[in-house]
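Secondary and tertiary structure notes
These are the residues of each chain, in order.
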Amino acid sequence: MSGYALLAHAWGADVRGWDRVRTPYLEHLPADVDVDVSEEPPSPPEGWEPFVSSAFAGRVAGKSRADLLAELVGLRDAIVVAGAHGKTTTTAMIAFALRELGQDPAFLIGGDVPQLGGNAGAGKGWLVVEGDESDRTVGALRPRIAVVINLDLDHHTTFASRAEVEVLFADWLASARQTVRGSELEPYAGELAVPGRHNRENAAVALAVLEQAGVLSSDAERALARFTGVARRLEHRGEANGVEVFDDYGHHPTEVSAALDALRENGRRVLVLFQPHLYSRTRHLAREFGQALGAADAVAVADVYPAREAPVPGVTGKLIVEALAEERPGMPLAWTPRWEDGATFVARRARSGDRVLTLGAGDVDQAVPQILQALA
């Protein structure tokens, strides 16, 4: 919502807001955007139109976040990037390349992009947006270029099957003037600063989008070679005693596999502290998580980060531990409900030349300083 506020303000609206806690994203807002930070939301000023984040739906009256995004997309030639995996990085690649080439894009991205100065920007060119299928709201967006990187069943409380996901995206693509489908592209083979086959797939999509936006391929490739990534996407966080520590937002088995494949390049050992995200996802995909984590050399699994869901009886991170123990009998493995204990487990087993990865969409990234301190 802070990104939406930044764009709305830059495009002429009077903007103010509320949040329960102060986050780093609020620091990117202009000084004349007042934000109340308090446990309880204040009443919106009379005559103002309130929009509410999904985190507070039902608690605060107003239109949805998705309604505001649809309005913003309707104001500009827009590129909307959707799909199960890689959309944050791909959206960032497109926005970065456009900025490097002097096209001054506006952008709304679901992660912090250091090279862009944050997660949102209010340029005068294309509007580049990361879409969200988790609540089907991407279907209401009407961009000039609609992009689907890949398809997967990730949100089990919204979709009953992969077929429902396919129908949503097929209908959405049919409504767009121009489309890009990642399934039709080969991984990019050129120069990239970000590792892994999944990033080569992301880059192929980004380059196809940039071509449709009128960018010469040679220019786009030169710009993309300078892209260094998004925070919490295989982010290198430090090194101690020859052990490198990385952090990644991956929270689906496909993303777990991609992160491990990238870090195991050159035969490096990888030790993982994994925090499952959402009870529904953990319940439905525990076995698949076990299979994906089986590519690591040692794993600690923390308890579920609930995010927007209420606890489900019998669903904990231990389901993944049990699946992993069946997948890799004898592998160094720990059920550590507190991520602090998981950090100790992986740090004690790491040796020079290894890589340690904190993995998950919750707060497991906070374990990185503890791991680095324990390694020192």
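Our structure is the block above this text.
This text gives an overview of the structure that appears in the document.

1. Describing the side chain of E244
Mapped onto the elements of the fold, E244 is located in strand β12 (residues 243–248). A distance of 3.2 Å separates polar atoms of two side chains, one belonging to E244 and the other to H236. Not counting the four nearest positions on each side in its chain, E244 is found in contact with H236, G238, E239, R268, D354, R355 and V356.

2. Details of the pattern of salt bridges
For the structure shown, the criterion picks out 17 salt bridges. For the salt bridge of E100 with R226, the shortest nitrogen-to-oxygen distance reads 2.9 Å. Placement of E100 in helix α3 (residues 87–100) and of R226 in the loop between α6 (217–224) and β11 (235–240) is noted, with a sequence separation of 126 residues between them. For E100, a relative accessible area of 36% gives the class partly exposed. Between R269 and D354 there is a salt bridge, and its shortest N-O distance comes to 2.7 Å. Separated by 85 residues along the polypeptide, R269 in the loop between α7 (253–263) and β13 (270–274) and D354 in the loop between α10 (339–349) and β16 (355–359) bring together distant segments of the chain. Each of E244, R268 and R355 takes part in salt bridges that share partners, so that together they form one network.

3. Looking at the packing of α3 against helix α5 (residues 197–212)
Where α3 contacts α5, the two axes come as close as 9 Å, and the packing angle between them is 45°. With respect to each other, α3 and α5 are oriented oblique. Along this stretch, α3 crosses α5, giving a crossing that reads as right-handed. Along the contact surface, α3 presents T89, T90, M93, I94, A97 and L98, while α5 presents N199, N202, A203, V205, A206, V209 and L210.

4. Looking at the sheet that holds β13
A sheet is described by the order of its strands in space; here six strands give the open sequence β11-β12-β16-β13-β14-β15, paired in mixed fashion. Each edge of the open sheet is held by one strand with a lone partner, namely β11 and β15 (333–335). Between one strand axis and the next, the sheet turns through 15° on average, direction left out of account. With five bridges joining them, β13 and β16 adopt parallel strand pairing. Bridging from a neighbouring strand, F274 pairs with L359 of β16. Along the sheet, α7 makes contact with β12, β13 and β16, crossing β16 at roughly 165°. Along the sheet face, helix α9 (residues 318–327) touches β13, β14 (298–301) and β15 and points at about 160° away from the line of β15.

5. Remarks on the nonpolar core
Of all hydrophobic cores here, the largest spans 37 residues; its most connected members are I79, I94, V128, V147 and F227. If you tally residues by element for this core, the top one is α5, at eight residues. In contact with I79, not counting residues within four places along its chain, are I94, W126, L127, V128, V129, P143, I145, V147, V209 and A213.

6. Some thoughts on the side chain of D19
You can see D19 is positioned in strand β1 (residues 16–19). Buried and without a salt bridge, D19 has R20 as its closest oppositely charged side chain, separated by 6.1 Å. Residues within four places of D19 in sequence aside, it is in contact with V35, D36, V37, S38 and F56.

7. Considering the sheet that holds strand β6 (residues 106–113)
An order of β7-β6-β8-β5-β9-β10 is seen for the six strands of this open sheet, with the pairing classed as mixed. Where the open sheet ends on each side, the last strands, each with one partner, are β7 (118–122) and β10 (178–181). Across this sheet, the average inter-strand angle for adjacent strands is 20°, counted without regard to direction. Across four bridges, the pairing between strand β9 (residues 145–148) and β10 is parallel. Each bridged residue has a counterpart across the sheet, and for I145 the counterpart in β10 is Q178.

8. Remarks on the packing of α7 against helix α8 (residues 279–293)
One way to put it is that α7 packs onto α8 with a least axis distance of 9 Å and a crossing angle of 5°. Relative to α8, the element α7 is oriented roughly parallel. In this structure, α7 uses P253, V256, S257 and L260 to contact α8, whose residues at the interface are L285, E288, F289, A292 and L293. Considering only residue class, the contact of α7 with α8 consists of seven nonpolar, one polar and one charged.

Thresholds, definitions, all that
Residues numbered from 1 in each chain as written. Predicted model: local features only at pLDDT ≥ 70, side-chain atom pairs only at ≥ 80, totals over all residues. Heavy atoms only, no water. Helix = DSSP H or I, 4+ residues; strand = E, 2+ residues; numbered from the N terminus. Polar contact = N/O pair within 3.5 Å; in protein donor to acceptor, adjacent residues only side chain to side chain. Contact = heavy atoms within 4.5 Å. Salt bridge = Lys/Arg side-chain N within 4 Å of Asp/Glu carboxyl O. Buried < 20%, exposed > 50% of the residue type's maximum accessible area, 1.4 Å probe, protein only. Axes fitted to C-alpha atoms, helices over the stretch in contact; angles between N-to-C directions. Parallel < 35°, antiparallel > 145°, perpendicular 65-115°, else oblique. Left-handed = near helix turned anticlockwise from the far one by under 90°. Pairing = 2+ DSSP bridges. Core = buried A, V, L, I, M, F, W, Y, C linked by side-chain atoms within 4.5 Å. Lys, Arg positive; Asp, Glu negative; His and termini not counted. Nonpolar A, V, L, I, M, F, W, Y, C, P; charged D, E, K, R; others polar.

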